[in-house]
Amino acid sequence: MRAAVCYESHMPLKVEELELSPPKANEAEVQLVGAGVCHSDYHFVDGHITPTTLPLVLGHEGAGVVTKIGPGVENVSPGDHIIFSMDAMCGYCRNCTLGRPTLCETYGRVFTMPDGTTRFSKDGRPYYSMVGIGTFADRTVVAADRLVKVRDDVPLEKACLIGCAVITGVGSVVHRAKVEAGTTVVVFGCGGVGLNVIQGAILASAAKIIAVDTVEFKLEKAREMGATDVINASLVEPGPRIAEITGGGADYAFEVVGWPDLVVQAFKSIRPGGTAVMVGVQPPETKITIDAWDLFQDRALIGAFHGSAMPRVDFPWLLDLYMDGRIKLDELITRYRPLDEINEAFEDMNNGVTARTVLTFG
Ligand code: CU
């Protein structure tokens, strides 16, 4: 099988042949059909996050067909269509029991199988997989509880976006912030996740949805997704403009880039009683400084991790919404590329000319 491998930061990924061991107990093998290229993958390439487990097969957003299962697997069978979940959930810890599987206290975010070993290797050397999935590969083996079986009438090269971009954006709005109907929402950053914050705000019946970015292409996309107002932050100071549109500040502001300064800007854009939500992946060790007196006025600054997702409920729900025409997926995909063009896909993302690129296989 072939995979896109990160050997070190600041170097292009290398697409090469690896060995893939068969699934062990409670594991399954999946043939990839589509894998979305996300900024979080690129974080390991640009050094925003320093990879500690190398070599690393990147990719955490994907969908495919189950090809083999190991002993004890009951949730999927060969032939099933699945979407990968970044959240392995034990189902028994306090957070899983409370319906917060993204915060599972047993598994957390591991770059191996639950037993600490890997199924990718080359010449006997273990190759790790991003969040235990590694979707930039034509086949992968994962813990079976990372697989969510879904309806089989949705093209998998579209369904793949549900696992990261869509659920992270929509979930941050509906699960974490619990945006109420009639409120005003501002989104800082209109990449794959930011565009889905807009979709979430529409589902929540927000009155105003203001999109902020510095790239005109992304603001056009934001309008296409349903933003009511857009602000090009390279031309206009967003703060005063947001205050003007909302009559004094937004009820909710989402930071979806991963810049500490933008979290502060999001916090400053909300009115007394408002909530700012940090969705972007910040560099580790980042400190954020906000004005204590602003916080005092019933403002809140909260984090949202992977949209506080409940993948086994949310993924089928979001696909149903798509098939019923109530959320958009096609508009999020700017182009398809084969796995070999992963570095070009990163380049497009960095140049702001794509919303999402989906890698296709076979
Ligand atoms: Cu992602």
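As the structure is a computational prediction, the values presented were derived from the model and not from experiment. Within each chain, residues carry numbers counting from 1 in the order of the written sequence. This being a predicted model, a pLDDT of at least 70 is required before a residue's local features are given, and a value of 80 or more before pairs of side-chain atoms are given or counted; all residues contribute to the totals for chains, interfaces and linings. Side-chain numbers come from the whole structure's heavy atoms, not from hydrogens or water.

Visitor: Report on the domain arrangement of the chain, specifying residues and quantitative values.
Guide: Split by domain assignment, the chain resolves into domain 1 (2-163 + 329-360) and domain 2 (166-305). Domains are outlined according to an automatic or database domain assignment. Computed from C-alpha atoms alone, the centre-to-centre distance between domain 1 and domain 2 is 28 Å. Buried area counts how much accessible surface, traced with a 1.4 Å probe, disappears from two parts once they are put together, with both parts' losses summed. The contact between domain 1 and domain 2 buries some 1500 Å² in all, and 64% of this surface belongs to carbon and sulfur atoms. As used in this structure description, the phrase polar contact means that two N or O atoms lie within 3.5 Å; if the pair is within protein, one of them must be able to donate a hydrogen and the other to accept it, and residues adjacent in sequence are counted only when both atoms belong to side chains. Remark: the boundary between domain 1 and domain 2 carries four residue pairs in polar contact (both at pLDDT 80 or more). As a working rule, the residues Ala, Val, Leu, Ile, Met, Phe, Trp, Tyr, Cys and Pro are called nonpolar, Asp, Glu, Lys and Arg charged, and the rest polar, with Gly in that last group. For the side of domain 1 that touches domain 2, a count of residues per class yields eight nonpolar, eight polar and four charged.

Visitor: Residue-level account of the coordination of the copper ion, with values.
Guide: Metal donors: N, O and S atoms at distances within 2.8 Å, or within 3.2 Å for Na, K and Ca, with water omitted from the atom set so that some sites may seem incomplete. Each protein donor to the copper ion is listed here as C38 (SG), H60 (NE2) and C164 (SG); together their distances run 2.0 to 2.3 Å. Donor residues for the copper ion, ordered by position in the chain, follow C-x21-H-x103-C. Taken as a pair, C38 in the loop between β4 (27-36) and α1 (39-46) and C164 in the loop between α3 (156-159) and α4 (165-177) lie far apart in primary sequence, 126 residues in all. Numbering of helices and strands runs from the N terminus; a helix is a DSSP stretch of H or I covering at least four residues, while a strand is a stretch of E covering at least two.

Visitor: So what's going on with the packing of α1 against helix α11 (residues 342-350)? Which residues, and what values?
Guide: Angles run from 0 to 180 degrees between N-to-C directions of axes, and those axes are lines fitted to C-alpha atoms, restricted for helices to the stretch in contact. Closest axis-to-axis distance for the α1/α11 pair is 11 Å, and the angle between their directions is 100 degrees. Of the possible angle classes, the one that applies to α1 and α11 is roughly perpendicular. Residues H39, D41, Y42 and V45 of α1 touch α11, and the partners they reach there are F346, M349 and N350. The residue inventory of the contact of α1 with α11, partitioned by class, reads four nonpolar, two polar and one charged. When an angle is under 35 degrees it counts as roughly parallel; over 145 it counts as roughly antiparallel; between 65 and 115 it counts as roughly perpendicular; any other value is oblique. Should any heavy atoms of two residues lie within 4.5 Å, those residues are considered in contact.

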